[in-house]
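This is what each chain is made of:
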Amino acid sequence: MSFTNYKEIRPWAKAIQAAVQTRKMPPWHADPHYGKFANDSRLKESEVAAIISWARNGAPEGDPKDLPALPKFAEGWQIGKPDAIFAIPEFTLGSNGQDEQQNFFVETNFKEDVWVEAVEIRPGNRKVVHHAHVWIESPRVAKSETPETPLPNKKRVSFTMREGTRVFAKPDAPVIDDGCNHPDGGMWPGAEPRELGSILGSFVPGKLPEEWPTGIARRIPAGSKIKFTIHYSKSTGKEEKDITSVGLRFAKKPPAQELRRIDLHNSAFRIPANADNHTVTACYTFTEDSDVLSYLAHMHYRGKSMRFEATYPDGKTETLLNIPQYDFEWQTKYLNSAPVRIPKGTRIKLTATFDNSPNNRYNPDPSKVIRWGDNTVDEMMDGWFEFVTPKR
Ligand code: HEM
């Protein structure tokens, strides 16, 4: 529905009242006790009260003179005209009705490093593109396609397997739910920063395009490829075509600071069947003084909560972000109102809980033991940080 004039809004008055009263709308999932976020969309108590009283009193139109101007909605690219657009070759999906995960590689032909200040992914066919990530495949970093799990004896084992387009944890892969309790004091799976080979932008439910603050930009090294990982949900029952693309806006001059990013995750967990509150953790220690700009929590249907916690070198612990009721449909990027200084040596702990019980109405199958996998019916446990390192 559209809420741009009285005629459109009036029939929704009761639904609007219920949505704001229950705080379902505007959508916001962070615990208000922790952090201050620039995109905090919560209404003030007084605003909620005004809407409730308006709906209860017959939802009158009021004086049209008092109307604020309509917001300006961007046509086409929301980030403005991109300086470069990369698209996948036209892809045809069959009609067998199953989800599919596809990778596409596109050459940038960048002869020198390029600084990017905004990134927008546009799905070609919204009926079937469920979500899409765009990665920088830098020639400087050889990234293995599947995660590997370092064991306490530092032996690395191959952790995942592939069936068709689905990549998932081998059923007999080592189980590490507490990713912070490494016997060597080292880092458990996936806790290493994956920077150059990392995600440049995502199209996921509830998330806006990437636009970094002035003076901060992302580097794409010369010779990089752009990798698209696209999750197609094939619900239409007929053949569908897609050309998804990514638009990049370049910084006009080299930025004062390079946008960096850590994808902290645990991919070695095992969630028992019917478990209603299964905890999984992952840890990472910052190696430089850093200013953290944003966080994003990513799990699938069984994701229940996620907490981002910092233990500073002096031993003090602080919660940076808490999402007590995670919702797969709203993968919001939480933008800190002001950069949060994380001194070198600070340990970040990510604690996720999963509800694999029948009480979780989104749960596709509580009787299944769940491990890491890239299909939505499997699970993931990721916490993404964007940061800059002021001394660099
Ligand atoms: C004060 C501000 C807002 C009001 C009054 C409002 C109101 C509503 C209402 C009445 C519904 C239907 C709920 C239902 O079917 O039970 C709804 C659904 C929805 N709204 Fe909002 N909304 C607000 C802000 C937003 C914002 C900021 C966004 C996007 C960022 C958004 C995105 C959506 C979406 C995607 C749905 C459908 C999702 C679902 O059914 O769960 N809304 N909203």
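Okay, so let's go over this structure. Keep in mind that what you see is a predicted model, and the values were worked out from it rather than measured. As a convention, each chain's residues are numbered from 1 in the sequence order in which they are written. Selection of residues for local features in this predicted model requires a pLDDT of at least 70, selection of side-chain atom pairs for listing and counting requires 80 or more, and totals for whole chains, interfaces and linings are taken over all residues. Excluded from the side-chain calculation are hydrogens and water; included are all heavy atoms of the structure.

### Remarks on the environment of Y34
Our working rule: Here a helix means four or more residues in a row that DSSP labels H or I, a strand means two or more in a row labelled E, and each is numbered from the N terminus. Note on contacts: a residue pair is in contact if any heavy atoms of the two residues lie within 4.5 Å.
Along the chain, Y34 turns up in the loop between α2 (13-21) and α3 (45-56). For the pair Y34 and F3, spaced 31 residues apart in the sequence, the C-alpha separation amounts to 31 Å. Sequence-distant contacts of Y34, defined by excluding residues within four places in its chain, comprise R307, T319, L320 and N322.

### Topic: the site of the ligand
Convention followed: For each residue, the test is whether any non-hydrogen atom lies within 4 Å of the molecule or strand; if one does, the residue is near. Three classes are used, and their members are as follows: Ala, Val, Leu, Ile, Met, Phe, Trp, Tyr, Cys and Pro are nonpolar, Asp, Glu, Lys and Arg are charged, and the others, Gly among them, are polar.
In the region of the ligand, the neighbouring residues are M1, F3, A15, I16, A19, V20, K24, M25, P26, P27, L43 and W330. Broken down by class, the residue content of the shell around the ligand amounts to eleven nonpolar, no polar and one charged.

### Structural notes on the coordination of the iron atom of the ligand
Short version of the rule: Coordination partners: N, O, S within 2.8 Å of the metal, 3.2 Å for Na, K and Ca; water not considered, so apparent gaps in a site are possible.
Protein coordination of the iron atom of the ligand rests on one atom only, M25 (SD), at 2.3 Å. With respect to the helices and strands, M25 occurs in the loop between α2 and α3.

### Quick word on the pairing of strand β21 (residues 303-311)
Definition in use: For two strands to count as paired, DSSP must find a minimum of two bridges between them.
Strand direction decides the pairing type here: β21 and strand β24 (residues 347-354), joined by eight bridges, are antiparallel. When the sheet's bridge partners are listed, G303 is paired in β24 with F354. Here six bridges tie β21 to strand β22 (residues 317-323), and the two strands are oriented antiparallel to one another. The residue bridging M306 from the neighbouring strand is I323, located in β22. Counted along the chain from β21 to the antiparallel partner β22, the turn is five residues long, and its residue G315 has a positive phi close to 95 degrees.

### Brief notes about unusual backbone geometry
A cis amide bond links M25 with the next residue in sequence, P26, at an omega value of -15 degrees. With respect to the secondary-structure elements, P26 resides in the loop between α2 and α3. Positive phi, close to 60 degrees, is recorded for N109, a residue that is not glycine. Inspection of the secondary structure assignment puts N109 in the loop between β3 (100-107) and β4 (114-122). Unusually for a residue other than glycine, N274 sits at a positive phi of about 65 degrees. Examined against the element boundaries, N274 turns out to sit in the loop between β18 (270-271) and β19 (278-285).

### Points about the pairing of strand β20 (residues 290-298)
This is how it is decided: Only protein chains enter the accessibility calculation, which uses a 1.4 Å probe. A residue is then buried if its area is under 20% of the maximum for its type, exposed if over 50%, and partly exposed in between.
The element β20 is largely enclosed, with a buried count of nine among its nine residues. Here β20 pairs with strand β23 (residues 333-342) via six bridges, running antiparallel. Paired with D291 across the bridge in β23 is R341.

### Let's talk about the pattern of salt bridges
How we decide: Put simply, a salt bridge is a Lys or Arg side-chain nitrogen that is within 4 Å of an Asp or Glu carboxyl oxygen.
Applying the stated criterion to the full structure yields 17 salt bridges. Linking E211 and R249 is a salt bridge whose minimum nitrogen-to-oxygen distance equals 3.0 Å. Of the two residues, E211 is situated in strand β11 (residues 210-211) and R249 in strand β15 (residues 245-250); the sequence distance between them amounts to 38 residues. Given the relative accessible area of 19%, R249 is considered buried.

### A word on the sheet that holds strand β10 (residues 199-203)
To be explicit about the condition: In this analysis an axis means a line fitted to C-alpha atoms, helices contributing only their contacting stretch, and an angle means the value between N-to-C directions, from 0 to 180 degrees.
Ordered by their spatial adjacency, four strands build an open sheet running β3-β13-β5-β10, and the pairing between neighbours is antiparallel. Two strands in the sheet have a free side with no partner beyond their single neighbour: β3 and β10. Neighbour-to-neighbour, the strand axes of this sheet turn through a mean angle of 15 degrees, independent of strand direction.

### Brief notes about the packing of aromatic side chains
Heads up, the rule is: Centres within 6.5 Å are what make two rings of Phe, Tyr or Trp a pair, Trp counting through its six-membered ring; a difference in plane orientation under 30 degrees is then read as stacked, over 60 as edge-to-face, and the rest as tilted.
Scanning all chains against the criterion turns up 17 aromatic pairs. With a centroid separation of 6.0 Å and 55 degrees between ring planes, the pair formed by W28 and F37 is classed as tilted. Across the pair, exposure class does not vary: W28 and F37 are buried alike. A ring pair is formed by F91 and Y232, whose centres lie 5.3 Å apart and whose planes are at 20 degrees; its orientation type is stacked.

### Concerning the nonpolar core
Note the threshold: What is meant by a nonpolar core is a set of buried Ala, Val, Leu, Ile, Met, Phe, Trp, Tyr and Cys residues, joined one to another through side-chain atoms within 4.5 Å. Reported domain spans reflect what an automatic or database domain assignment gives.
Core analysis: the biggest nonpolar cluster contains 43 residues, and Y295, F308 and M381 have the highest contact counts within it. For this core, the element with the highest residue contribution is β24, accounting for four residues. Both domains that meet at this core, namely domain 1 (6-63) and domain 3 (259-392), each give it at least three residues. Residues within four places of Y295 in sequence aside, it is in contact with F37, F308, L320, L321, T332, K333, Y334, N336, V340, W384 and F385.

### Looking at the packing of α2 against α3
Just so we agree on the cut-off: Here the word oblique covers every angle except those under 35 degrees (roughly parallel), over 145 (roughly antiparallel) and from 65 to 115 (roughly perpendicular). By the definition used in this description, the sense in which the near helix is turned from the far one sets the handedness, with an anticlockwise turn below a right angle giving left-handed and a clockwise turn giving right-handed.
The contact between α2 and α3 brings their axes to 9 Å, and the two run at 155 degrees. Between α2 and α3, the angle is such that the two are roughly antiparallel. Crossing of α2 over α3 shows left-handed handedness. Between α2 and α3, the residues in contact are A13, K14, I16, Q17, V20 and Q21 and V48, I51, I52, W54, A55 and R56, respectively. Its residues assigned to classes, the contact of α2 with α3 comprises eight nonpolar, two polar and two charged.

### Details of α3
To be explicit about the condition: By this rule, a helix spans an expected 1.5 Å times one less than how many residues it contains. What the arc measures is the spread of directions leading from the helix axis to the C-beta atoms.
The terminal C-alpha atoms of α3, which comprises twelve residues, lie 16 Å apart, in line with the 16 Å expected from a rise of 1.5 Å per residue. Those residues of α3 that sit buried are V48, I52 and A55. When α3 is viewed along its axis, its buried side chains cluster within an angular range of 65 degrees and face the same direction. On its buried face, α3 is in contact with α2.

### Looking at the sheet that holds β21
Spatially, the four strands line up as an open sheet ordered β19-β24-β21-β22, and their pairing is antiparallel. What marks the edges here is a single partner per strand, and that holds for β19 and β22. Here the strands of the sheet are splayed against their neighbours by 20 degrees on average, with no regard to which way each runs.

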